[in-house]
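Residue strings, one per chain:
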Amino acid sequence: MNFTTILEEVRTIARAAGDAIMSVYARDFSVELKADRSPVTEADRAADAIICSRLAQLRPILPVLSEESAITPWAQRRQWHRYWLVDPLDGTKEFVRKNDEFTVNIALVEDHRPVLGVVLAPALNLEFSGAIGEGAWRREADGPLMPARVTATAHGSAAQPVSLHVMGSRSHPGPGLSAFLARLGPYEMKPMGSSLKICMVADGRADIYPRLGPTSEWDTAAAQAILESAGGGMIDFAGQPLRYNTKDRLLNPHFLAVGDLGRDWLSAVQNS
C-alpha cells in the first residue's frame, strides 16, 4: 500500500466526519447511554456512517472495526491480516461537556500493529497523522503539515531533578495513577480528553501519558501509529508494544505512552 496516498485520503475522510460532528456540536443534541453506560450522541453515529462508507470506497477493500458499528465476531475477526480500526468520536464525554477535547480516530492495522493513523480534533482545528516509515505530522486549521517528533527527556541530577511533563485523563484518572506518579519523580500534570493526550507526546509537548485504567483498542490505535511514527512508543507494563486484534475482548492493558524510549519508565510501575 502507498501510505502517502492512503494517508491523504484518510485525512479527507476524517475532516468530513469532523464537519458532521461540528454541525451537531453547534446546536442542542440529546445524549443516550449504551449498555456499558458510556454516552453516545447523533454525532457519533453520523461520523461513523461517513467514515465506514468512505473507507469502503478505498482500495484495497478492507474490513472496518468501529466502536459504533456491530462488532465482528472473534472467529471471523481473528483471520484479519489488515483492517481499519475506528473511533468516530473519541471523547464523547468531552463532546457533551463542550470543552472541545474530542477527536476522530482512524487507524490502519497490519499484523496486529497500527501502521497508519489520523487523529482530528475538529473543534480545535488540530490534526495529527502518521505512518510507520514515513513520519508524523501536525496541522493546525488549514495550515501546512508540520513534522511531529518526540523529545528526549532531560534527566537532571539527584539534587536538581527535572520536572517531567505528564498528560492525564480529564475524565478517567485511574486509581493507581497517584502511586505511579509518586515513583516517577517531579512532574507537571496537564489533563486532557480523548487521544489528544498521546498526540501531545508524539508532538514533543509532553514526556509521558500513563494510562492505568480501561481503554478499548479503537481509543488508542490511531494515536499509537502517530506516536510510533514520531519516534515514541506505547508499551504495556511488561515493556511490550500494544498489539491489536489478538483476543476476543477489545480492551487494552494498562500502558505508558512515552516519547523517550531510552528512559526506564517501567521502574515507576512497581506497586502502582
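Owing to the predicted nature of the structure, the values given are computational and were not obtained by experimental measurement.

A.B. asks: So what about the overall build of the protein? Which residues, and what values?
C.D. replies: When helices and strands are tallied, the protein shows seven helices and 14 strands. Since a compact globule built from 272 residues should have a radius of gyration of about 19 Å, the 18 Å found for the protein is in line with a globular shape. Each principal axis of the C-alpha atoms in the protein carries an extent, and together these give about 55 × 40 × 40 Å. Considering the protein as a whole, with its 272 residues, one finds that 53% of them fall into the buried category. Pairs at least 24 apart in sequence give 63% of the contacts found in the protein among residues at least 6 apart. Surface summary for the protein: the accessible area is close to 11800 Å², and the carbon and sulfur share equals 51%. Side-chain charges of the protein comprise 28 positive and 32 negative groups, with the mean position of each set lying 2 Å from the other.

A.B. asks: Pulling in residues and values, what's your account of the packing of helix H1 (residues 3–25) against helix H2 (residues 42–55)?
C.D. replies: The description of two helices packed together rests on the angle between their axes and the distance between the axes. In contact at an axis separation of 9 Å, H1 and H2 are set at 160° when each is read in the N-to-C sense. Between H1 and H2, the angle is such that the two are roughly antiparallel. Here H1 runs over H2; the crossing is right-handed. Between H1 and H2, the residues in contact are Thr12, Ile13, Ala16, Ala17, Ala20, Ile21 and Val24 and Glu42, Ala43, Ala46, Ala47, Ile50, Ile51, Arg54 and Leu55, respectively.

A.B. asks: Quick rundown of the pairing of strand S6 (residues 113–121)? Include the residues and the values.
C.D. replies: With respect to burial, S6 is a largely interior element, eight of its nine residues being buried. Of the pairings in the sheet, the one linking strand S5 (residues 103–110) to S6 comprises seven bridges and is antiparallel in character. Directly across from Val104, in S6, lies its bridge partner Leu120. If you look at the hairpin formed by S5 and S6, you'll find two residues sitting between the two strands, and Asp111 has a positive phi there, around 50°. Both S6 and strand S7 (residues 126–131) contribute to a ladder of six bridges, which runs antiparallel. Bridge pairing links Leu116 to Ala131 in S7. Hairpin connection of S6 to S7: four residues between the antiparallel strands, including Asn125 at a positive phi of 55°.

A.B. asks: Help me get a handle on the nonpolar core, residues and values and all.
C.D. replies: If you look at the biggest cluster of nonpolar residues, it comprises 36 residues, and the most contacted ones within it are Leu85 and Leu227. Those elements that provide at least two residues to this core are strand S4 (82–90), S5, S6, S7, helix H6 (196–202), helix H7 (217–229) and strand S14 (255–258). Leaving out residues up to four positions away in the same chain, Leu85 has contacts with Leu65, Asn105, Ile106, Ala107, Val109, Glu217, Trp218, Ala221 and Tyr244. Residues Val10, Ile21, Ala47 and Val118 belong to the second largest nonpolar core, which totals 30 residues.

What counts and what doesn't
Residues numbered from 1 in each chain as written. Predicted model: local features only at pLDDT ≥ 70, side-chain atom pairs only at ≥ 80, totals over all residues. Heavy atoms only, no water. Helix = DSSP H or I, 4+ residues; strand = E, 2+ residues; numbered from the N terminus. Rg over C-alpha atoms; globule rule 2.2 N^0.38 Å. Buried < 20%, exposed > 50% of the residue type's maximum accessible area, 1.4 Å probe, protein only. Contact = heavy atoms within 4.5 Å. Areas by Shrake-Rupley, 256 points an atom, 1.4 Å probe, with all protein chains shown as cover. Lys, Arg positive; Asp, Glu negative; His and termini not counted. Charge placed at Lys NZ, Arg CZ, Asp CG, Glu CD. Axes fitted to C-alpha atoms, helices over the stretch in contact; angles between N-to-C directions. Parallel < 35°, antiparallel > 145°, perpendicular 65-115°, else oblique. Left-handed = near helix turned anticlockwise from the far one by under 90°. Pairing = 2+ DSSP bridges. Core = buried A, V, L, I, M, F, W, Y, C linked by side-chain atoms within 4.5 Å.

The quantities given are spatial measurements derived from coordinates; they are silent on function.
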